[in-house]
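Each chain is listed here by its residues.
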Amino acid sequence: MHLTRRHGLASVFALALLVLPAPASSETIRVGLPTKTYWPTTIAETAVRQKLFEKEGISAELTIYRGGAETFEAMAAGAADIILDPPSLVSAGRKKGVMSKLVANAAMGNFGWQLMVPAKSTLGVKDLNGKKVGITSAGSGSDLLALWTIQDKKIDFTRVPVGGGGLVPNLMAGNVDAAVVYSPLSFQVLKSGDAKTILDYAKEVPPNLTAGWIVLDKYAQAKPEVVQKALNALYGAVAFMRNNRDVTVKLIAELYEMPAEIAAMEYDNTIMNLETDSNMAAPNVVEAVQLSLDLAKFGGLKDIMPTEDIISTQFKPVPTKP
């Protein structure tokens, strides 16, 4: 595996492209990930390192972007085949002609997501009225949570997109007054004492389908077997992580250059809460997607489509075994 850089598609702003060499005869699926230090990257990297894609007879090319919106844009532009993003982007995308669907659920909560301020800050949630709050990108999961905060707490603030890698640096530099921070970054800065939590989204926001695996309709129609194999590998990775704590904690620490104790917090609070059943037809999944869309509308997003229009029950992943 080696690191390269993608050229073109300047609006996508890809941070890194990890290309996995594979036999010429195998099919390659391009996996778009919303930011580096985030659990979807842990899943995809586990699938790669445990050779789960290879066991399915395909190879994977992982691209890490600056946020959920740019990841979705990459798929729309043809630069990614399967991505991890919130249902709201699928809904809004279909209104604009980007025909994609959720093909598998991934998380039913905002595990580890926290609204944070510098440790010495005296600001509370209500004090953010008129302030600046860092998010990864417009339309991303962090943006949805920021919008939810505005509506639920009846305040108003400016949402400042700084990219996934820019959340903590901009918060520490005082460029923003607060930031919507995802795990394990939230655990890391909390443990270091650099920042503190003023709102825990995992506790405050009702359980809903916060993220799922997404593909374009035309890709699912043209290459259904590749989508099925990719999902098998990704869910195989989730199963492997749940059954191999030490290996996964070590991988998280290595990937994100953080202490083992922080990686362990990510494992216990996030990885162990990820979905293991991808049945998109299950009543609880449909309800969770609808609640996610309701929260998006509550947060101020428009162009929301009916739940049934953004879900595909075509695929039923069978986790690949190492």
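Above: the structure in question.
This section reports on the structure supplied with the text. Computed from a predicted structure; not experimentally measured. Starting from 1, residues in each chain are numbered consecutively following that chain's sequence as written. Given that the model is predicted, a residue must reach a pLDDT of at least 70 before its local features are reported, and side-chain atom pairs must reach 80 or more before they are shown or counted; all residues, however, enter totals for whole chains, interfaces and linings. Side-chain metrics in this entry use all non-hydrogen atoms of the structure; hydrogen atoms and water are not considered.

### Points about the overall build of the protein
Applicable threshold: Counting from the N terminus, the helices are DSSP H or I runs at least four residues long and the strands are E runs at least two residues long. Computation of the radius of gyration draws on C-alpha atoms alone. For the globule rule, the value is 2.2 Å times the number of residues to the power 0.38. Only protein chains enter the accessibility calculation, which uses a 1.4 Å probe; a residue whose area is less than 20% of its type maximum is buried, one above 50% is exposed, and one in between is partly exposed. Residues are treated as being in contact if the distance between any of their heavy atoms lies within 4.5 Å. The protein chains shown are the only cover counted for residues, whose accessible areas, like all others here, come from Shrake-Rupley with a 1.4 Å probe. When charges are tallied, Lys and Arg are placed among the positive residues and Asp and Glu among the negative ones, while His and the ends of the chain are skipped. Here the site of a charge means NZ on Lys, CZ on Arg, CG on Asp, or CD on Glu.
Each helix and strand in the protein was counted, giving 13 helices and twelve strands. Rg of the C-alpha trace for the protein: 18 Å, near the compact-globule value of 20 Å for 322 residues, within the 12% margin. Taken along its principal axes, the extent of the C-alpha atoms in the protein is 60 × 40 × 40 Å. Residue burial in the protein is summarised as follows: out of 322 residues, 58% are buried. Here the analysis covers contacts within the protein between residues at least 6 apart in sequence; of these, 80% occur between residues at least 24 apart. Carbon and sulfur atoms make up 52% of the accessible area of the protein, which amounts to about 13,100 Å² in all. Put simply, the protein has 32 plus and 32 minus side-chain charges, and the middle of one group is 2 Å from the middle of the other.

### Notes on the layout of surface pockets
Where we set the bar: With a 1 Å grid spanning the protein atoms alone, the term cavity applies to any set of points in which a 1.4 Å probe fits but cannot get out, the term pocket to an open set with protein on both sides within 12 Å along at least five of seven lines, and the term lining residue to any residue with an atom within 4 Å of a point. Grid points are joined across faces, edges and corners, and a volume is the space filled by probe spheres set on the points.
Within this model, the largest pocket holds a volume of roughly 230 Å³. In terms of lining, the largest pocket is formed by twelve residues, of which the most central are Ser-88, Leu-89, Ala-92, Gly-93 and Lys-96. Considering every element that reaches the lining of the largest pocket, the biggest residue donor is helix α4 (residues 87–95), with four residues.

### A look at the packing of helix α5 (residues 141–152) against helix α13 (residues 283–298)
Geometry of a packed helix pair, given as the angle between the helix axes and the separation of the axes. Here is the rule: Simply put, an axis is a line fit to the C-alpha atoms, just over the touching stretch for a helix, and the angle between two N-to-C directions goes from 0 to 180 degrees. Here a crossing is called left-handed whenever its near helix is offset anticlockwise from the far helix by less than a right angle, and right-handed whenever the offset is clockwise. Residues are grouped as follows: Ala, Val, Leu, Ile, Met, Phe, Trp, Tyr, Cys and Pro are nonpolar; Asp, Glu, Lys and Arg are charged; every other residue, Gly included, is polar.
Between α5 and α13, the shortest axis-to-axis distance is 8 Å and the interhelical angle comes to 65°. With respect to the hand of their crossing, α5 and α13 are arranged in left-handed fashion. Each of Leu-144, Trp-148, Gln-151 and Asp-152 in α5 lies in contact with α13, whose residues at this interface are Leu-295, Ala-296 and Phe-298. In the contact of α5 with α13, the residues fall into five nonpolar, one polar and one charged.

### Some words on the packing of aromatic side chains
Formally: When the centres of two rings from Phe, Tyr and Trp lie within 6.5 Å, Trp using its six-membered ring, the rings pair. Their planes under 30 degrees apart give stacked, over 60 give edge-to-face, and anything left gives tilted.
Applying the stated criterion to the full structure yields five aromatic pairs. Considering the side-chain rings of Tyr-38 and Trp-113, the 5.8 Å spacing of their centres and the 90° angle between planes classify their relative orientation as edge-to-face. You can see Tyr-38 sitting in the loop between β3 (27–33) and α1 (39–49) and its partner Trp-113 sitting in the loop between β6 (100–107) and β7 (114–118), a full 75 residues away along the chain. Taking the relative accessible area as the measure of exposure, Tyr-38 reaches 9% and is therefore buried. Put simply, the rings of Tyr-38, Trp-39, Trp-113 and Tyr-182 pair up and form one aromatic cluster.

### Details of the pattern of salt bridges
Convention followed: Any carboxyl oxygen of Asp or Glu within 4 Å of a side-chain nitrogen of Lys or Arg constitutes a salt bridge here.
According to the stated counting rule, one finds ten salt bridges in the structure shown. The shortest N-O distance in the salt bridge between Asp-268 and Arg-245 comes to 2.9 Å. In this pair, Asp-268 is assigned in helix α12 (residues 260–269) and Arg-245 in helix α11 (residues 245–256), connecting sequence segments 23 residues apart. Its relative accessible area of 39% is what places Asp-268 among the partly exposed residues. If you follow the salt bridges from partner to partner, you end up with Glu-45, Arg-49 and Glu-254 in one network.

### A look at empty space enclosed by the protein
Take a probe with the size of a water molecule and roll it over the atoms, and the empty space left behind shows itself. Under the criterion given, the structure shown has two cavities of 30 Å³ or more. Forming the walls of the largest cavity are 29 residues, and the residues nearest its centre are Pro-86, Asn-110, Gly-141, Ser-142 and Thr-210. Looking at the lining of the largest cavity, the elements that each hand over two or more residues are β5 (82–85), α5 and α13. If one sorts the elements of the lining of the largest cavity by residue count, α5 sits on top with five residues. Taken together, the residues of the lining of the largest cavity break down into 15 nonpolar, 13 polar and one charged. If you trace the second largest cavity, you find it lined by Ile-43, Asn-105, Ala-106, Trp-213, Leu-234, Tyr-235, Val-238, Leu-274 and Glu-275. Each residue belonging to the lining of the second largest cavity can be placed in one class, and the counts come to seven nonpolar, one polar and one charged.

### A word on the sheet that holds strand β9 (residues 158–161)
Test applied: Any two strands are treated as partners once DSSP identifies two or more bridges connecting them.
The strand order β9-β8-β10-β7-β11 describes an open sheet built from five strands, whose pairing is mixed. The strands lining the two open edges of the sheet, one partner per strand, are β9 and β11 (195–200). Neighbour to neighbour, the strand axes of the sheet diverge by 30° on average, direction disregarded. Where strand β8 (residues 132–135) and strand β10 (residues 178–181) come together, two bridges link them in parallel fashion. Residue pairing across strands places Gly-134 opposite Ala-179, the latter belonging to β10. Along the sheet, α5 contacts β7, β8, β9, β10 and β11; its crossing angle with β9, the most-contacted strand, is approximately 170°. Across the sheet, helix α7 (residues 185–192) lies against β7, β10 and β11, angled at about 35° from β7, the strand it touches most.

The values reported here are purely geometric and, on their own, carry no functional implication.
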